[in-house]
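What follows is each chain in one-letter form.
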Amino acid sequence: MKGHEVTSGIPDYARGYDDFGGTVGRTTSASTPWWPADTDGRRRPNIVVVLIDDLGYSDIGPFGAEIPTPNIDRIAATGYRLSNYHTTPVCSPARAALLTGVNPHRAGYGSVANSDPGFPGLRLELADDVLTLPEILRESGYATFAVGKWHLVRDADMSPGRSRKSWPLQRGFDSYYGSLEGLNSFFHPNQLIADNSVVDVDEYPEGYYVTDDLTDRAIGQVKALRAHDADKPFFLYFAHIAMHGPHQVKPADLDRHRGRYADGWDEVRRRRFAKQVADGLFDPGTPIRERNTEPGYDAPPWDDLSDEEKNRYQRYQEVYAALVDSVDQSVGRIVDLLDDLGELDDTIIVFTSDNGGTAEGGAEGTRSYFSQFVHGPVPPDWERDVPHDESLIGSPELGVHYPRGWGQASNTPFRFYKGQTFAGGVRVPFVLSWPGGLTRVADDNGVRRQFAYVTDLAPTLLELAGVDTPRTRHGVDAIERDGVSVAEFLREPDAASPRTEQYAEFGGHRGFYRDGWKLLSLHDGDPADVDRPQWELYDVRTDPAETVDVAADHPDVVAELAAAWDEAAWRNTVFPLFDTVGDQVRRRPAEAERFASDVRLLRGTPTLERYRSSRLIAYRDFEVVVELRDWEPSDEGVLVAHGDVQGGYLVVVENGVLSFVYNAYGRVHRVSGPLPERPEAVTLRARASDDVRWDFTVDVTVDGAESRVADLSRAVQLVGMAPWTGISVGLDARGAVDSDLRARRGVFRAPESLVSVTYRPGRVRVPEPIRRTIDQQAADVAD
């Protein structure tokens, strides 16, 4: 062993000491301990990013709104308004770009995280080599908290047992509380996540409201940190579920906005633009397009509406204003907390939106959001707005959305909406404040007109905080960011923007910005035309609202920017573009078929996740078998429920009567019959038709023989995002399918004589328009 004798130091064959900064001998008395530093010792600012969903450019006070937003105004008064800040046309791409600084397609989010088509730009999960802002900040000693909407997880991965690699905790957050979904109910969320687990809740408490819940959690996270560590900086990512539909508000908030919108959307738009000009966001004389007139995007003049339409439509906008109000209250609570801690001056606060205001409510708005929100083929008689008492608009009983005339006002002074690459879809409010680090001089109104893009936020925050970016993530070389810091023009109002060009694409809509020119193409919806753009050109230095197409006057600029768009598209994995309608029913890998397999759910099983539940019934025949054991004549309760007030169904026994309740996006049907003695099973069968209807039968098995109890024919299918709440066994959990039953009996738990519920999905009956497209594709291939 002579060659291995060591009198001092570490032998060359030893392992595990390479990164140790002390000295090691054979004993502790001959050794010097060492601990790696948590930080480099620099005091760094806290960072709070408040991201709103579907908030238009003009929907807050600092950007022209008549809606009182005193707390957001307070941030703007000490900070900066970026009047030329751009984002992506829809939400998941914006969130990916914001949190990574990587262009959306290149980050894997060319669309929303509700499909899985199998192409690089549409991975719809963050790749292993993509660093996130919270990961970088945490490495530099930050505590990292996230609350609210995530929407960076494939819908197929939102349930227990699936991959969590794109869940918040796996992407750099110390804790998370919120919704992985792209939207949710404000009073009865279908599923909430705490860290890496589903919150097991059957019924939300009286007075529950999700914005308040998220705010409570955010405040609690910061208070807990300060109770244990007075100095550790934190990053709080507060991604509101508002303003996404379905719109629902607290009565007290709604009352403050009654009567505010009697003058209609045209007048509101004129007033907002006048305020924007007065506040210096735009120059006097800047042109504004009065309204969108293109078919499918158009909004009628307010004065042309009937009195009944005016009355209902203003109710929708009152609800929207109340939602903005509730967000502002939340911001106020966060600001007050920072003030109480004495840390407001040492905190960077950002307030912005993921995309522009939306046209999801259609031309007339809706009280049946999930019916209006169905984008697939539906019959001509599809009911997109189930009439209800207008006093319920905004309440937990309905899921509403405003007509697109209000979306047009939301995006003042721009054209179009969320989903398009025109300014209405991608130009949004942006406010940043850091009183202790970015101090405005007396003659600086804080307005910055330089171009900036959503990828620029992460590098800007990192520069302001003095945080370096690691070169690797989990041992893998990290891909280079596309974003650039715009901190210089925050400090120096006349500094040029480092961002000189940017591509845009979503759903075939295209855009390319370079040095004040903006090239745009509005996709007409025909898949065959997706790669035949009809280019329009705008000089947005003098025409920011994109009102005068100058393409014919500058064909050389059009050609140059069109070529630049094409190159950027290849560099950022935008291709392939979808030119086949049938893809919307085939955007899943083969392994996804497991979600449509038989499943037996025992009594007491937590509510099944929404996407998993939908695969058992969507566009298909299905059978639900309820197993009973020793059911007594006095036993009663909900046997199975799927959905909520916005669409669903349930089977219930009450007072010896077996009922099937079917809620067709708010239009409720009830069929009933007496429950025979000694039932062994209750079987609900649904037969789907090609025109998106179901025929239901309800049978009871006694002594091995079935007998019919009830039936319901020609029921409108629940498709798209409905039913929103997943399947629950032995109660009607979370949102109520039947509001009347909930008012009488609560969640109405069934006794232990309910054993299980088994779902047996049958064959898919694809709607005829999709079938024709698929058949034509097959014929084209054969030719």
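About the criteria used
Residues numbered from 1 in each chain as written. Predicted model: local features only at pLDDT ≥ 70, side-chain atom pairs only at ≥ 80, totals over all residues. Heavy atoms only, no water. Helix = DSSP H or I, 4+ residues; strand = E, 2+ residues; numbered from the N terminus. Phe/Tyr/Trp six-rings, centres within 6.5 Å; stacked < 30°, edge-to-face > 60°. Buried < 20%, exposed > 50% of the residue type's maximum accessible area, 1.4 Å probe, protein only. Lys NZ or Arg CZ within 6 Å of the ring centre and 35° of its normal. Axes fitted to C-alpha atoms, helices over the stretch in contact; angles between N-to-C directions. Parallel < 35°, antiparallel > 145°, perpendicular 65-115°, else oblique. Contact = heavy atoms within 4.5 Å. Nonpolar A, V, L, I, M, F, W, Y, C, P; charged D, E, K, R; others polar. pLDDT = per-residue confidence, 0-100. Expected span 1.5 Å × (residues − 1). Core = buried A, V, L, I, M, F, W, Y, C linked by side-chain atoms within 4.5 Å. Pairing = 2+ DSSP bridges.

Engineer: Explanation requested: unusual backbone geometry in the structure shown.
Structural biologist: Backbone phi values are negative for most residues with the exception of glycine, while trans is the configuration of most peptide bonds. A cis amide bond, omega 5°, links phenylalanine 575 with the succeeding residue proline 576. Positionally, proline 576 belongs in the loop between α14 (555-571) and β19 (599-602). With omega at -5°, the peptide bond leading from alanine 722 into proline 723 counts as cis. Considering the arrangement of structural elements, one finds proline 723 in the loop between β27 (705-716) and β28 (727-729).

Engineer: Honestly, the packing of aromatic side chains in this entry has me stumped. Any pointers?
Structural biologist: The relation between two aromatic rings is expressed through the spacing of the ring centres and the mutual angle of the planes. Per the stated rule, a full pass over the model turns up 43 aromatic pairs. With a centroid separation of 5.9 Å and an interplanar angle of 20°, the aromatic rings of phenylalanine 173 and tyrosine 237 are classed as stacked. On the criterion of sequence distance, the pair formed by phenylalanine 173 in the loop between β4 (143-149) and β5 (175-179) and tyrosine 237 in strand β8 (residues 234-239) is long-range, its members being 64 residues apart. Tyrosine 237 gets classed as buried once you look at its relative accessible area, which sits at 1%. Positioned above the aromatic ring of tryptophan 167 is the side chain of arginine 164, whose terminal nitrogen or guanidinium carbon lies 4.5 Å from the ring centre. For arginine 217, the ring lying beneath its charged end belongs to tyrosine 177, and the centroid distance is 3.8 Å.

Engineer: For this particular structure, what's the right way to read the packing of helix α1 (residues 70-78) against helix α8 (residues 307-341)?
Structural biologist: Two packed helices can be described by the angle between their axes and the distance between those axes. At a closest axis distance of 7 Å, the pairing of α1 and α8 adopts a crossing angle of 55°. As judged from the angle between their axes, α1 and α8 are oblique. Residues Pro70, Asn71, Ile72, Arg74 and Ile75 of α1 form the contact with α8, whose own contacting residues are Asp328, Gln329, Val331, Gly332, Val335, Asp336 and Asp339. Split by residue class, the contact of α1 with α8 holds five nonpolar, three polar and four charged.

Engineer: Explain the confidence of the model for the protein chain here, please?
Structural biologist: Detailed reading of the predicted coordinates is not advisable wherever pLDDT is low. When pLDDT is averaged along the protein chain, the result is 93; 96% of the residues meet or exceed 70. Every residue in residues 1-8 is under pLDDT 50, and counting partners more than four places away or in other chains gives three contacts. With pLDDT under 50 throughout, residues 773-783 is counted as low confidence; its partners more than four residues away or in other chains account for nine contacts.

Engineer: So what exactly am I meant to see when it comes to helix α5 (residues 210-228) here?
Structural biologist: For an α-helix the count is 3.6 residues per turn, leaving residues at separations of three or four pointing the same way. Between the first and last C-alpha of α5 there are 27 Å, a value that for 19 residues agrees with the 27 Å anticipated at 1.5 Å per step. All buried positions along α5 are accounted for by Val210, Thr211, Asp213, Leu214, Thr215, Ala218, Ile219, Gln221, Val222, Leu225 and Arg226. Summarising the contacts, the buried residues of α5 are in contact with β1 (46-52), β4, β5, β8 and α8.

Engineer: Teacher, can you tell me more about the nonpolar core here?
Structural biologist: Across soluble globular proteins, nonpolar side chains have a tendency to be buried as a group. Core analysis: the largest hydrophobic core is formed by 74 residues, its most contacted members being Phe234, Met243, Phe351 and Trp406. Ranked by residues supplied to this core, first place goes to α8 with 14 residues. Listed in part, the 72 residues of the second largest apolar core include Trp150, Tyr237, Tyr417 and Trp434.

Engineer: Help me understand the sheet that holds β19 in this model?
Structural biologist: Working definition: the strands of a sheet are paired by backbone hydrogen bonds and lie parallel or antiparallel to each other. If you trace the six strands from one edge of the open sheet to the other, you get β19-β29-β20-β25-β26-β27, paired in antiparallel fashion. The two strands at the open ends of the sheet, each matched to only one other strand, are β19 and β27. Going across the sheet, the axis of each strand differs from the next one's by a mean of 15°, ignoring polarity. Relative to β27, strand β26 (residues 693-702) is paired through nine bridges, and the arrangement is antiparallel. When the bridges of β27 are listed, tryptophan 694 appears paired with alanine 715.

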